[in-house]
Amino acid sequence: MPGMQHGEMKMEDHKETTPQTNVDAEKKAVADEMKKTSDEMKKTSDEMKEKSDQTNPQNFYYTCRMHPQIHADKPGKCPICGMTLIKKEGAPPK
């Protein structure tokens, strides 16, 4: 084009191939689909955990050597003294 340097381009020569509104709508659709998939996966995971808990009752618990009244279903520290809880076989006493 006359009067232009090599590599120059006028704004009217440049046409955006995808309008921003389409990009935003596409991003929202993808985000919605990801959220839906995440929710379905969480629901399935919760259902599987519940079923597993029903079919495999826990035959052990964790307790403190110094405070046997402390019972937990997972390893950790005693809330009274901070000692590491130990694993005991059987159901916790009631």
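Residues numbered from 1 in each chain as written. Predicted model: local features only at pLDDT ≥ 70, side-chain atom pairs only at ≥ 80, totals over all residues. Heavy atoms only, no water.

Draft legend 1. The pattern of salt bridges, seen in detail. This model, assessed by the stated rule, comprises three salt bridges. A salt bridge links Lys35 to Asp39; the nearest nitrogen and oxygen atoms lie 3.1 Å apart. With Lys35 and Asp39 both in helix 1 (residues 20-55) and four residues apart, this pair spans about one turn of that helix. For Lys35, a relative accessible area of 51% corresponds to the exposed category. Note on Asp39: relative accessible area 41%, which makes it partly exposed. (Salt bridge = Lys/Arg side-chain N within 4 Å of Asp/Glu carboxyl O. Helix = DSSP H or I, 4+ residues; strand = E, 2+ residues; numbered from the N terminus. Buried < 20%, exposed > 50% of the residue type's maximum accessible area, 1.4 Å probe, protein only.)

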